[in-house]
Amino acid sequence: MRLYFSGALNLDLIFEINSIEEARELLNQDLVPGREYVIDQETARELVSRLDTSSCLRYRGGGGSAANTSTILAALGWETTFLGTVGSDPEGDLVLASMEGVGLETLKRRGKTAICIILVARDHRDRIILVAPNNEEGLLLKDAPGTIPFLHLSSLVSKNGLEFHKGLVKRLKHEAILSMDPGEIYSKKGVDTLSSMLQRTDILFITRDELRMLTGRKDPMAAIPFLRSEKDGLPGHPMVVMKMGERGAACYFSGKGISASPSKVHVVDNTGAGDAFDAGFLNAWLRGKEPFECLREGVNLAALSLSDWGRAWITRLKE
C-alpha cells in the first residue's frame, strides 16, 4: 500500500544557543520553550543572518512534520508520496534532496521555500520553533491523486493550505485511512474550524497542550466524539494517541486507554521526535500490531531521533 503525506515542507535550520533568554532577546518577545511561532520570510532571513554570527548551526536540511514522518517510513521500507509545495529556489533544491525515498511526482515548486528556525538552548534542551511559511502554500486539488488509501496530515499555516487539506480529506473514499497530527497551528483553530477533518480522522496524534487548544479539555477521551464514528470506520477506530514527552505516550480507543513508558536516552535535539513517534506507531499499526506494541515502537523511534540533530539519525535507522 502506498502511503500519502501532506503538510509543511521546510528548510530546517537548527541553531544551538546559550540560553532561552538569548532567544527572547533576539526577537524581543516572550518565547516559551516547546512552542511554535509564525514569522514572515523577511524576519526569518534577518534572524538567520544574526544567528550565523552569534550561534552554532547544528543542522541544515529538510524538515516539516509530515515530511519527516514520510521520510522515516520510506527508510523503513514503505512506499510514500508527499503532496505539497516547496519553493523554486536553491533552498527548495536542498529540501528535495533530503526527501530520500519519498515520491515527489505530485509536488509543486512555487515561491520561496518555507524556513523553520529551531533554537535549542544549551541550558534547557527543549526547542523554540519559528516558522516562515512558503508564500504560495498548498497544492491545486485537481492535481492530487484520485485514489489515496492512506493519508497522514500535519498542519499548513495559510488559509489556502487548510482549504487544500479539507479538500483532500473530502475526496477520501470510505475505506481510506486518515491519520492527523495537527500540531499547535491546527489545534489552535479549534474543533469548529477542523470539524470536517476531525470527523473523518481515524488516528489523531496530539499532545496534552494541543488537546486543550483543540477541545478546551484535557481528557483525551473528550476528543473521540469529534472523530470518525466507530461504526463507520475500521475495527479499533477512532483512536487518540497522546504524546507526553518524558512521560512516554498513551493510546485511547474503544472506551479504554493504555500507556507506554519512554526509552531513556541522552537528549541532543528533540526537534522532530514527535514525527519519529508518529512514524514508529504507524509502522507497527499498518503491520497489524496491537496498540501497546505500536506505542512501544513509537517511543523507541522517538528516543532514537533524540540522539542526533534533525534527520541525521535516519542513516542509523537504515543500517
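Below you will find a few notes about this structure.

Rules and cut-offs
Residues numbered from 1 in each chain as written. Predicted model: local features only at pLDDT ≥ 70, side-chain atom pairs only at ≥ 80, totals over all residues. Heavy atoms only, no water. Helix = DSSP H or I, 4+ residues; strand = E, 2+ residues; numbered from the N terminus. Rg over C-alpha atoms; globule rule 2.2 N^0.38 Å. Contact = heavy atoms within 4.5 Å. Areas by Shrake-Rupley, 256 points an atom, 1.4 Å probe, with all protein chains shown as cover. Lys, Arg positive; Asp, Glu negative; His and termini not counted. Charge placed at Lys NZ, Arg CZ, Asp CG, Glu CD. Core = buried A, V, L, I, M, F, W, Y, C linked by side-chain atoms within 4.5 Å. Buried < 20%, exposed > 50% of the residue type's maximum accessible area, 1.4 Å probe, protein only. 1 Å grid on protein atoms, 1.4 Å probe; cavity = no way out; pocket = protein on both sides within 12 Å on 5 of 7 lines; lining within 4 Å. Points joined across faces, edges and corners; volume = space filled by probe spheres on them. Nonpolar A, V, L, I, M, F, W, Y, C, P; charged D, E, K, R; others polar. Pairing = 2+ DSSP bridges. Axes fitted to C-alpha atoms, helices over the stretch in contact; angles between N-to-C directions. Left-handed = near helix turned anticlockwise from the far one by under 90°.

1. Examining the overall build of the protein chain
No. 1: Scanning the protein chain from terminus to terminus reveals 11 helices and 16 strands.
No. 2: Its C-alpha atoms give the protein chain a radius of gyration of 18 Å, near enough to 20 Å, the size a compact globule of 319 residues would have.
No. 3: The principal-axis extent of the C-alpha atoms belonging to the protein chain is close to 55 × 45 × 40 Å.
No. 4: Here the contacts in the protein chain between residues at least 6 apart in sequence split such that 72% fall between residues at least 24 apart.
No. 5: For the protein chain, the computed accessible surface area is about 13,200 Å², with 49% contributed by carbon and sulfur atoms.
No. 6: One way to put it: in the protein chain the 39 positive side-chain charges average out to a point 4 Å from where the 42 negative ones average out.

2. Quick word on the nonpolar core
No. 1: With 63 residues, the main nonpolar core has Phe82, Ile117, Leu119, Leu130, Val241, Phe277 and Phe281 as its most contacted residues.
No. 2: With 8 residues, the top contributor of residues to this core is helix H9 (residues 273-286).
No. 3: Residue contacts for Ile117: discarding those within four places in its chain leaves Leu13, Phe15, Ile39, Ala44, Leu47, Val48, Leu51, Ile128, Ile129 and Leu130.
No. 4: In terms of nonpolar packing, the next biggest core, distinct from the first, is built from 35 residues, Leu156, Leu211, Ala223 and Tyr252 among them.

3. So, empty space enclosed by the protein
No. 1: Throughout the structure, instances matching the rule amount to 3 cavities of 30 Å³ or more.
No. 2: Taken as a whole, the largest cavity encloses approximately 90 Å³ of empty space.
No. 3: Around the largest cavity sit Asp12, Tyr59, Gly62, Asn68, Ile72, Thr271, Gly272, Ser305, Gly310, Arg311, Trp313 and Ile314, which together line it.
No. 4: Elements with a minimum of two residues in the lining of the largest cavity: strand S4 (56-63) and helix H3 (65-75).
No. 5: Counted by class, the lining of the largest cavity contains 4 nonpolar, 6 polar and 2 charged residues.
No. 6: For the second largest cavity, the full set of lining residues is Pro145, Gly146, Thr147, Ile148, Leu168, Arg171, Leu172 and Lys173.

4. A closer look at the sheet that holds strand S12 (residues 177-180)
No. 1: On the basis of which strands lie adjacent, the open sheet formed by 9 strands has the order S7-S5-S1-S11-S12-S13-S14-S15-S16 and mixed pairing. Two strands in the sheet have a free side with no partner beyond their single neighbour: strand S7 (102-103) and strand S16 (256-260).
No. 2: Here strand S1 (residues 2-6) pairs with strand S11 (residues 150-153) via 3 bridges, running parallel. Considered in S11, the bridge of Ser6 is made with Leu153.

5. Overview of the packing of H9 against helix H10 (residues 291-306)
No. 1: One can describe the packing of H9 onto H10 by two numbers: an axis separation of 7 Å at closest approach and a directional angle of 145°. As for the relative orientation of H9 and H10, their crossing is right-handed in sense. Contact residues: H9 offers Ala273, Ala276, Phe277, Ala279, Gly280, Phe281, Asn283, Ala284 and Trp285, while H10 offers Pro291, Glu293, Cys294, Leu295, Glu297, Gly298, Val299, Leu301, Ala302, Ser305 and Leu306.

6. Quick word on the pairing of strand S2 (residues 10-17)
No. 1: In terms of burial, S2 is largely enclosed, as 8 of its 8 residues are buried.
No. 2: Burial of the side chains of S2 extends over both faces: Asn10, Asp12, Ile14 and Glu16 are buried on one face and Leu11, Leu13, Phe15 and Ile17 on the other.
No. 3: Summarising the sheet, S2 and strand S9 (residues 114-121) pair through 8 bridges and their orientation is parallel. Counted as the bridge partner of Asp12 is Cys116 from S9.

7. Some details on the sheet that holds S4
No. 1: Ordered by their spatial adjacency, 5 strands build an open sheet running S3-S10-S9-S2-S4, and the pairing between neighbours is mixed. The two strands at the open ends of the sheet, each matched to only one other strand, are strand S3 (36-38) and S4. Adjacent strand axes in the sheet meet at a mean angle of 20° when their direction is disregarded.
No. 2: Looking at chain direction, S3 and strand S10 (residues 127-132) are connected through 3 bridges and run parallel. Residue pairing across strands places Glu36 opposite Ile129, the latter belonging to S10.
No. 3: Against the sheet, helix H1 (residues 20-27) engages S2, S9 and S10, with an angle of about 25° to S10.
No. 4: In the packing of helix H4 (residues 90-97) onto the sheet, contacts are made with S2 and S4, and the angle to S2 comes to roughly 90°.

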